[in-house]
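Breakdown of the fold
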Amino acid sequence: MMEKQTSSREVCSVKSCRVCGDGSLLTFLRLGPTPIPNGFLVRDQLDEPEKFYPLDVCFCARCGMVQLAHIVNAEVMFKNYLYVPSTSQTMYQHFAELVLQVIEKTELNKQDLVVDIGSNDGLLLKNFLSFGCKVLGIDPAENLAKRAAEEGVDTISAFFTQEVAERIIGEKGTAKIIFATNVMAHVPDLHDFLNGIKTLLDRDGIFVAEFPYLVDLMDKTEFDTIYQEHLSYFSLAPFISLLQQHDFGLVEAKQIASHGGSLRLTISPRNQNICQEAQDLVVIEKKRGFLQPETYLNFGKKVDRNRYALVQLLWRLREEGKSIVGYGASAKGNVMLNYCRIGRETLDYIVDSIPYKQGKFTPGTHIPIYPENKLTEDQPDYAFLLAWNFAEEILKKQDVYRQKGGKFIINIPTVKIT
Ligand code: DWN
Ligand code: ZN
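Residues numbered from 1 in each chain as written. Chains lettered and ligands numbered in written order. Predicted model: local features only at pLDDT ≥ 70, side-chain atom pairs only at ≥ 80, totals over all residues. Heavy atoms only, no water.

All right, on to the overall build of the protein then. Secondary structure assignment for the protein yields 14 helices and 19 strands. Rg of the C-alpha trace for the protein: 21 Å, near the compact-globule value of 22 Å for 418 residues, within the 12% margin. Seen through its C-alpha atoms, the protein measures out along the principal axes to roughly 65 × 50 × 40 Å. Looking at the protein residue by residue over its 418 residues, the buried ones come to 57%. Expressed as a percentage of contacts within the protein between residues at least 6 apart in sequence, the contacts between residues at least 24 apart total 69%. Of the roughly 17600 Å² of accessible surface on the protein, a fraction of 50% belongs to carbon and sulfur atoms. (Helix = DSSP H or I, 4+ residues; strand = E, 2+ residues; numbered from the N terminus. Rg over C-alpha atoms; globule rule 2.2 N^0.38 Å. Buried < 20%, exposed > 50% of the residue type's maximum accessible area, 1.4 Å probe, protein only. Contact = heavy atoms within 4.5 Å. Areas by Shrake-Rupley, 256 points an atom, 1.4 Å probe, with all protein chains shown as cover.)

What follows is the structure, encoded as structure tokens:
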């Protein structure tokens, strides 16, 4: 019997694999007690005690699935959410291109329903509004669901489950396309989630899922993308086994650049074939040891070396009297700061483009967050890039800062100054 991975407790430990149910999970990385990564604080909260949660990662030797060893209650993390993708040009383009590609492959009619699970502020679905078809966003963040609805994207505030799928079907019928971009890693009960997709998706419809690819995470030492929101770290082999348990086929599998390297999968309920690209990737994963525990134990050493090199550099620069700020108060940035114990003694402040984060403080490290223009106003010597996945966009945007001698520190995949 598969353990049900939802609980009303604030944090609970994972007893069995989320994909295959096996009970022997090997913990290979401990990032230490960490606050929730989007738990930004207002000034009044700075003197209050803060909650820290375990951040350990484990591997299932039976199916190869990598997952967190603990689950923090989703209500604590997602009810009021401060992350929005819509201040990033890269994400605008990403969703616009994704939608165009999907529309090319689907004969979409005006009466068709398109659903986005984890729709955030509606950025993806806005691309469908001009096609005149019906759209529905689903997102647990009440603040963002409200904002999306105000901007014309019909959105319900909920975690997607089989029960929610049944409710939607009753009200709106089946969906021709369902998207879940950067969502599946957050889902505690993947079986219930896929049952929900089966229920809601038209027999001729497609389910498009994007999620960070474990192979990229490991190759590029992207350990800061490991945090309590991300319960699962997928390689393709266990993901396919998950799909097969639910009689889904994989029509297309592509590696894409977003968020440090992700997979974009087109999934169909029509047949159970696994496309050739996906089969080829599984062969590479196997050859490279992604089903072997040693691969994961070695990863811990890489993480350690990265932390050492980063902290050495930052301390040396501070000793030399240089000023350093952070750039991008990302969730992953908060993991990096907490794991490396980098606080206000090192970074004077962090700049960020998301208005909801500005004026707040980072969880655990209490670094103040300002709008991006403070960087060129103050011209600090160094900006430590905590949103390395947007390096291209941010470095271009901050050309003036760089022309005047400002430098960026980037530590993923390895520490460098640019
Ligand atoms: O899965 C998740 C991903 C997709 O998004 C989540 N669980 C939470 C979130 O993770 P993150 O906060 O690490 O995501 P980002 O998109 O890497 O965060 C980038 C941060 O940098 C944002 O706070 C916005 C900021 N930023 C900026 O200040 N200037 C971003 C860009 C592009 C910029 O030009
Ligand atoms: Zn397993």
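The protein atoms donating to the zinc ion (ligand 2) are Cys17 (SG), Cys20 (SG), Cys60 (SG) and Cys63 (SG), with metal-donor distances spanning 2.3 Å. Every donor counted, the four donor atoms about the zinc ion (ligand 2) form angles of 100 to 115° at the centre, which fits tetrahedral coordination. In the primary structure, the donors to the zinc ion (ligand 2) are separated according to the pattern C-x2-C-x39-C-x2-C. A residue is classified by how much of its surface remains accessible, and cysteine 63, at 12% relative accessible area, is buried. (Donors = N, O, S within 2.8 Å, 3.2 Å for Na, K, Ca; no water. Tetrahedral: all angles 85-135°; square planar, octahedral: opposite > 155°, others 65-115°.)

On to the nonpolar core. One broad trend across soluble globular proteins is that nonpolar side chains are buried collectively. In terms of nonpolar packing, the biggest core is built from 134 residues, with Phe128, Phe193, Phe207 and Leu236 touching the most fellow members. The element best represented in this core is helix H10 (residues 293–319), accounting for eight residues. Excluding its chain neighbours within four sequence positions, the residues that come into contact with leucine 236 are Tyr213, Leu250, Leu263, Leu265, Ala278, Leu281, Val282 and Glu285. One finds Ile36, Tyr53, Tyr81 and Ile354 within the second-largest nonpolar core, a separate group that totals ten residues. (Core = buried A, V, L, I, M, F, W, Y, C linked by side-chain atoms within 4.5 Å.)

Further remarks concern the pattern of salt bridges. Enumeration over the complete set of coordinates arrives at 21 salt bridges. Residue lysine 172 pairs with aspartate 154 through a salt bridge whose shortest N-O separation is 3.0 Å. A residue pair is termed long-range when its members are at least 10 positions apart, and lysine 172 in helix H5 (residues 162–172) and aspartate 154 in the loop between helix H4 (142–150) and strand E8 (155–156) qualify at 18 residues. Taking the relative accessible area as the measure of exposure, lysine 172 reaches 30% and is therefore partly exposed. Salt-bridge contacts for glutamate 252 lead to lysine 254; the nearest nitrogen and oxygen are separated by 4.0 Å. One network of salt bridges, with partners in common, ties together Asp121, Lys126, Arg147 and Glu151. (Salt bridge = Lys/Arg side-chain N within 4 Å of Asp/Glu carboxyl O.)

Our focus in this paragraph is the side chain of asparagine 38. Take asparagine 38: it is sitting in the loop between strand E2 (25–30) and strand E3 (56–60). Among the residues examined, asparagine 38 registers a relative accessible area of 10% and is labelled buried. One polar contact links asparagine 38 to tyrosine 81, side chain to side chain, over a distance of 3.2 Å. Residues in contact with asparagine 38, not counting those within four places in the same chain, are Tyr81, Tyr83, Glu229, Ala331 and Lys357. (Polar contact = N/O pair within 3.5 Å; in protein donor to acceptor, adjacent residues only side chain to side chain.)

Taken together, 26 residues form the shell around ligand 1, and within it Glu229, Lys332, Asp352, Lys357 and Lys397 come nearest. At a separation of 2.8 Å, an oxygen atom of ligand 1 approaches a polar side-chain atom of asparagine 389. A distance of 2.6 Å is found between an oxygen atom of ligand 1 and a side-chain nitrogen or oxygen belonging to lysine 397. Its free accessible area being 710 Å², ligand 1 has 96% of it covered by the protein chains. Among the secondary structure elements, those contributing two or more residues to the shell around ligand 1 are helix H11 (331–339) and helix H13 (391–397). The element contributing the most residues to the shell around ligand 1 is H13, with three residues. Looking at side-chain class alone, the shell around ligand 1 contains ten nonpolar, nine polar and seven charged residues. (Near = heavy atom within 4 Å. Nonpolar A, V, L, I, M, F, W, Y, C, P; charged D, E, K, R; others polar.)

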